[in-house]
Structure formats: structure tokens, C-alpha cells
Amino acid sequence: MDIEELQTFVEVADAGGVSPAALRLGVSKSIVSRRLFRLEAELGVQLLARTTRGAALTEAGATFRDYAARVCAEIDVAKETILPAGDLRGRLRVAVPLSFGQTHFAPILAEMARRHPQLQIHTCYSDRFVDLITEGYDCAIRVGYLQDSNLIARRVGPLYGKLVASPDYIKAHGSPETPEELVAHEALMQGTEAWQLMDGDKIITVRPQGRFKADNGPALVAAAAAGLGIAYLPDYLTHEFIISGALVPVMTHYPPPPAAAYVIRPPGQHPARKIRVLTELLIEYCEPAPHLAPAPLR
């Protein structure tokens, strides 16, 4: 049975259609369709029910998908095992946060591509929550605090943050001194999230309110600098504004708990070597960087 046919079927099953699978694989839709036709002919069973909206797994297809995915994963591990030491091939699809990835992780991914010229690296920069399994990513780099999930995480570096506001906002509205005072202020948020603060060794959860929301960090920095409210932001976004005086820390007696940057991957017994290499490279560059502030590659 052709491994390309199995890989193509798994991509179509996970992507939900021929077109998105072809985009992931970097081939034409006709090639994807031919591979699926040959696989179904060899098995003598229909794996996918084609619809106007895409492709849905039949009962047989849903069963076969899990076996096919395991076979593909084992083949990848076998290929990596017999490669010369240090060589990486194939494709690495990684999701990276937009507001952090362009300045900090893009140079590291470029360095990985330079070290491994036979490896294809496809990166998606977005602050939205990417579903690794459904969207077909090998791994993701995430920053902040991890939500509970069945994904496997590896910490690669520290991340620190603070509450900040502009001098104009503080002049007009005052500076909160306690969590109780904070809830009366305008908060700049990504959504309806809760803020965690440290009171000594104790973590306090605050649910602030505000009229300005944005789905990425730089937009919240701009809003804070414009005097619209108080923002809860990582140091790598605010340190230049604090140095210039455009922003000042507030509630310094109640700092946010330390967070981190992580490599997240789908569950599996053994991570692919390309993910292990990326993780090690991120640790090499992120761990020594104070607060993950921008720093040139060594």
C-alpha cells in the first residue's frame, strides 16, 4: 500500500475536504483525488463520502483513519532513524503567535531552516487559537498560561509581565493600589478573560471590565499608550514603552505570576525528531534571554 496514499487520506480526513488537504500537501486537487481513488480501489471500500461542502468520513473511513495515521507516524519515525545524524527532511507545519512570533521566533525558525536545507518549514503566524489536530499542524509555539488539554507541552523559556497604563490615564483616573480598586478601572483586554495577580505566594483572580478589546498584544499596547485604560501585558511588548515613559507599571505590589513559552504537540508516544530539534533550538535561545526581550541570535 502506497504511503503517499495513506498520508493523503489522513490529510483529507483531518482537513475535511480535498481542497484544504491539497493546500496542506502542496499538490493539486486532481493528484489528491487520484490517490484517494487508488486507495479506495485497493481496499474495496468507500472511505469518504463526497459532499458539496467537502468530504465526510464513512464508518469504515473513520475506523481506517486512526490506523492510517499510526502507520504514517511510524514510517516518519523510521525514516528519521536511518537518516544521517543531524539531517532533517520532510515538512514541519508550526503555528506561532503573531504578536510574539515575528520578533522572537521567526529568526529561530529561519536558523533551523538554514541548518537543515532539506527540511520544509511552513509557519502560520496568528493570535487566534489554532486546533493542531483538525488543522494539521505538527506543533505550535504558545506563550502565557496553558489551558488544560490532551496536548503535550514542553516549556522552552520564561515569560514575565506586568500591569501598565499611560501617565495621562493615571493623572485622569488615579492608579489602583489593590485588586478591589482595579475592577473599577477601564481594562484593555483580548476578550472576557480573568487576570491573575500574586499577593505574596497567593494567586488572586480578578475579572476586570472595559470597553476596548483587541485580539493581539500590540493593539492593546497602543490603546494603553493612548490613555484608554490599564493593560495586562508581557514585558517583551511593553519594555520599550516603559523606558520611553509612554507607559508606567501599576499595582507593582500585585504582580502577575510568571508564565512561559511552550512547544505544544498532539498526543503521541514519541515526538518527531523535527519537533525535538525545534524544541531544543528554542530552549537554546529563549532560556538565556531576560524576560524573552528581543535579542540577536548568537
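Residues numbered from 1 in each chain as written. Predicted model: local features only at pLDDT ≥ 70, side-chain atom pairs only at ≥ 80, totals over all residues. Heavy atoms only, no water.

Visitor: What am I meant to see in the state of the cysteines here?
Guide: Linking two cysteines covalently via their sulfur atoms produces the bond known as a disulfide. All chains considered together, the criterion is met by zero disulfides. Note on Cys72: no disulfide assigned, nearest cysteine sulfur contributed by Cys139 at a separation of 18 Å. For Cys72, a relative accessible area of 8% puts it in the buried group. In this model Cys139 remains outside any disulfide bridge; the closest cysteine sulfur is found in Cys124, 12 Å from its own. (Disulfide = S-S within 2.5 Å. Buried < 20%, exposed > 50% of the residue type's maximum accessible area, 1.4 Å probe, protein only.)

Visitor: When you look at the sheet that holds strand 3 (residues 90-96) in this model, what are you seeing that I'm missing?
Guide: Two strands in a sheet stick together by hydrogen bonds in their backbones, pointing the same way (parallel) or opposite ways (antiparallel). Pairing within the open sheet is mixed, and its five strands lie in the order 4-3-5-14-6. Edge positions in the sheet fall to strand 4 (119-125) and strand 6 (152-159), since each has one partner strand and no second. In this sheet, neighbouring strand axes are inclined to one another by 20 degrees on average, regardless of whether the strands run parallel or antiparallel. The sheet contact formed by strand 3 and strand 4 spans seven bridges and is parallel. If you follow Leu92 over to strand 4, its bridge partner there is Ile121. (Pairing = 2+ DSSP bridges. Helix = DSSP H or I, 4+ residues; strand = E, 2+ residues; numbered from the N terminus. Axes fitted to C-alpha atoms, helices over the stretch in contact; angles between N-to-C directions.)

Visitor: Quick question: what am I supposed to make of the environment of Ala55 here?
Guide: Residue placement: Ala55 occurs in strand 2 (residues 54-57). Judged by its relative accessible area of 15%, Ala55 falls in the buried class. Considered as a pair, Ala55 and Asp14 are 41 residues apart in the sequence and their alpha carbons are 9.9 Å apart. Look past the residues within four positions of Ala55 in its chain and what remains in contact with it is Val12, Gly16, Gly17, Leu48, Ala49 and Arg50. (Contact = heavy atoms within 4.5 Å.)

Visitor: Sorry if this is basic, but what is going on with helix 2 (residues 18-25) here?
Guide: Three or four residues apart is the spacing at which side chains of an α-helix point the same way, because the helix has 3.6 residues per turn. The set of residues buried in helix 2 consists of Val18, Ala21, Ala22 and Arg24. The arc enclosing the buried residues of helix 2, seen along the axis, measures out at 160 degrees, which places them on a common side. Against helix 1 (3-15), helix 3 (29-43), strand 3 and helix 6 (132-135) lie the buried residues of helix 2. A positive backbone phi angle near 75 degrees is found at Gly26, which sits one or two residues after helix 2. (Arc of directions from axis to C-beta.)

Visitor: Please explain the pattern of salt bridges as it appears in this structure.
Guide: Side chains that differ in charge, positive against negative, can pair when their charged atoms come close. By the definition in use, this model includes nine salt bridges. In this structure, Arg65 and Asp66 form a salt bridge, with 3.3 Å as the shortest nitrogen-oxygen distance. Overall, the relative accessible area of 39% leaves Asp66 in the partly exposed class. The shortest N-O distance in the salt bridge between Arg114 and Glu111 comes to 2.8 Å. Taken together, the positions of Arg114 and Glu111, both in helix 5 (residues 98-115) and three residues apart, correspond to about one turn of that helix. (Salt bridge = Lys/Arg side-chain N within 4 Å of Asp/Glu carboxyl O.)

Visitor: What is the right way to read a nonpolar patch on the surface from this model?
Guide: On the surface, Met1, Leu43 and Val45 cluster together into a nonpolar patch covering about 240 Å² of accessible area. Mapped onto the fold, Met1 is located in the segment before helix 1. (Patch = residues over 30% accessible without salt bridge, like charges linked within 9 Å, V, L, I, M, F, W, Y side chains within 5 Å. Areas by Shrake-Rupley, 256 points an atom, 1.4 Å probe, with all protein chains shown as cover.)

Visitor: Got a minute to help me understand the packing of aromatic side chains in this structure?
Guide: When we look at a pair of aromatic rings, we describe it by the centre distance and by the angle of the planes. One pass over the full model with this rule turns up two aromatic pairs. With 5.7 Å between their ring centres and 40 degrees between their planes, Phe9 and Phe64 make a pair best called tilted. Pair noted here: Phe9 is in helix 1 and Phe64 is in helix 4 (residues 59-82), with a separation of 55 residues, a long-range link. Residues Phe9 and Phe64 agree in their burial class; the two are buried. On the basis of an interplanar angle of 40 degrees and a centroid distance of 5.3 Å, the ring pair of Trp195 and Tyr232 is categorised as tilted. Taken together, the residues span a long stretch of sequence, with Trp195 in strand 9 (residues 195-199) and Tyr232 in strand 12 (residues 230-234) at a distance of 37 residues. On the basis of relative accessible area, Tyr232 is assigned to the buried category, the value being 19%. Across from the ring centre of Tyr67, 4.8 Å away, lies the NZ or CZ of Arg70, which sits over that ring. (Phe/Tyr/Trp six-rings, centres within 6.5 Å; stacked < 30°, edge-to-face > 60°. Lys NZ or Arg CZ within 6 Å of the ring centre and 35° of its normal.)

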